[in-house]
Structures are given as structure tokens and as C-alpha cells.
Amino acid sequence: MSHSFNVVAVSGSLQRPSRTLALVQAVLAELSGHLPVEARVIELGELAPHYGGVTRPADLPESVREAIQAVEQADLLIVASPVYRASYTGLFKHFFDFVHHEALFDLPVLLAATGGSERHALVIEHQLRPLFSFFQAQTLPLGIYAAEADFTDYQVSASALQARIRLAVERALPLISHRQPVIASTDTAVAAPV
């Protein structure tokens, strides 16, 4: 048996292909190079039709409940949203409205966002960080913002963005590695994003 970290990444993009999803996958790949991780990617674009019109947690379908439970049980959370009207998407916020307000206490959360240009980069500090501060999560010190020019064919291509991903993961490692990871069998110590 080996120890691996239960990493859950939430991509707030409602489209595919998606630069936000590509950013999440690049962060997971970098993290997997430093820690044994069992990764799960939750794509809100796939879940949105099932919870977009739901107002009560009791009315959520099982697939959405299971995704929320995965977020609440993570050792590390990676959250990313495209910028829409200077903030995260409404369905991104609606998803986290169903997460229990005490479930993320002290949970390390790596914040990321994508936008059309650099002018939206402060979305991490002005929108995402306050949201996860409400949950009393431990937002990691360095967020990752990516503009449209940082991608080629929906893949991270800019060396500056690749360097920022490396730096964000390196700065996060001391804050993550002291946590007690889940126990997983050796053949699932590093799982590919789903």
C-alpha cells in the first residue's frame, strides 16, 4: 500500500474544448510530478444541466451529490473558472452553493482562472479568494491566471504560464505535503484526470 493525495479539480468552463480544463490538466500533471496523487476532474459543463435549475440540495441528482461529496472529501482542491463579466461563472458559484459551509475548513485550495486578456488577472484575488475564504479554506499563496494567448489549440503553450504553474505547485508543496493523504493501492497511486 502507498499513500496518495486525493486531489479534486473543478473546471468551471461550460464548453469543450476548454482552456480552463487544459489549465487544470496542466496543473494536475505538474503536481503529479511531485506527489503521488489520485486525481479527479469535475467538469461543470457536464453537470450543469443537472443542477442549474435546482435550488434545494435535497433535489440534486445523485451525480451532482457525488461530485459535491468528492469536493468535500478532497486532500487538495484545484478550482478554475473562465472569467465571465469580471467574475467566475454563475454555475461555478451555484455548484459551490451546495458545498457544506464547514466542509472545506483548512483545506488547501489552488486558485486558477482563464480569460481573454491579462486585464482580468485580478479575478483570482477579487473573486475566487474571497469565495474560498468564506469556507475558511486555506487558499494557496500563488494563483494561476492564463490568458487566451497562453494556449495553442487548447493546450498550454506559453513558457511564462508553464513557469507560473511550476512555481505555484512548488510554493504549494510545503502546505500540502504535511497533510495525511488517503491510502491507495500501488497501482492507483497516480491516476489520470478523468
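The preceding data block contains the structure.
A brief structural summary. Bear in mind the structure is a predicted one, so any value in this text is a computation, not a measurement.

### Here's the deal with the side chain of Asp-150
- Secondary-structure assignment places Asp-150 in the loop between β6 (144-147) and β7 (151-152).
- Of the buried charged residues, Asp-150 lacks a salt bridge, with Arg-19 as the closest side chain of opposite charge at 9.0 Å.
- Once residues within four sequence positions are removed from consideration, Asp-150 is found in contact with Glu-118, Gln-155, Val-156, Ser-157, Ala-158 and Leu-161.

### Some details on the nonpolar core
- Judged by nonpolar contacts, the single largest core of 38 residues is most densely connected at Val-10, Val-71, Leu-77, Phe-92, Phe-95, Phe-96 and Phe-132.
- Among the secondary structure elements, those contributing two or more residues to this core are β1 (2-11), α2 (44-51), α3 (62-72), β3 (76-82), α4 (90-97), β4 (108-115), α5 (123-134) and β6.
- Those residues in contact with Leu-77 that sit more than four places away from it in its chain are Val-8, Val-10, Val-71, Phe-96, Leu-104, Leu-107, Pro-108, Val-109, Leu-110 and Phe-132.

### Details of the packing of helix α1 (residues 19-32) against helix α6 (residues 159-176)
- The interhelical angle for the contact between α1 and α6, taken along N-to-C directions, is 55°, at an axis separation of 9 Å. Relative to α6, the element α1 lies oblique. As α1 runs across α6, the sense of the crossing is right-handed. Contacts between α1 and α6 pair Leu-23, Ala-26, Val-27, Glu-30 and Leu-31 from the former with Leu-161, Ile-165, Arg-166, Val-169, Leu-173 and Ile-176 from the latter.
- Classifying every residue of the contact of α1 with α6 by side-chain character gives nine nonpolar, no polar and two charged.

### Things to note about unusual backbone geometry
- Cis geometry is adopted by the peptide bond preceding Pro-17, which originates at Arg-16 and carries an omega value of 0°.
- Relative to the helices and strands, Pro-17 is located in the loop between β1 and α1.
- Of note, Asp-106 is a non-glycine position whose phi angle comes to about 60°, a positive value.
- Mapped onto the elements, Asp-106 comes out in the loop between α4 and β4.
- Even without glycine at this site, Asp-153 takes up a positive phi of about 50°.

### Remarks on the pattern of salt bridges
- Counting across every chain of the model gives six salt bridges.
- The salt bridge partner of Arg-16 is Glu-43, with a shortest N-O separation of 2.8 Å. A residue pair is termed long-range when its members are at least 10 positions apart, and Arg-16 in the loop between β1 and α1 and Glu-43 in strand β2 (residues 37-43) qualify at 27 residues.
- Residue Glu-43 is classed as buried on the basis of its relative accessible area, which comes to 10%.

The rules behind the values
Residues numbered from 1 in each chain as written. Predicted model: local features only at pLDDT ≥ 70, side-chain atom pairs only at ≥ 80, totals over all residues. Heavy atoms only, no water. Helix = DSSP H or I, 4+ residues; strand = E, 2+ residues; numbered from the N terminus. Buried < 20%, exposed > 50% of the residue type's maximum accessible area, 1.4 Å probe, protein only. Lys, Arg positive; Asp, Glu negative; His and termini not counted. Salt bridge = Lys/Arg side-chain N within 4 Å of Asp/Glu carboxyl O. Contact = heavy atoms within 4.5 Å. Core = buried A, V, L, I, M, F, W, Y, C linked by side-chain atoms within 4.5 Å. Axes fitted to C-alpha atoms, helices over the stretch in contact; angles between N-to-C directions. Parallel < 35°, antiparallel > 145°, perpendicular 65-115°, else oblique. Left-handed = near helix turned anticlockwise from the far one by under 90°. Nonpolar A, V, L, I, M, F, W, Y, C, P; charged D, E, K, R; others polar.

So yeah, pure geometry; function would need other evidence.
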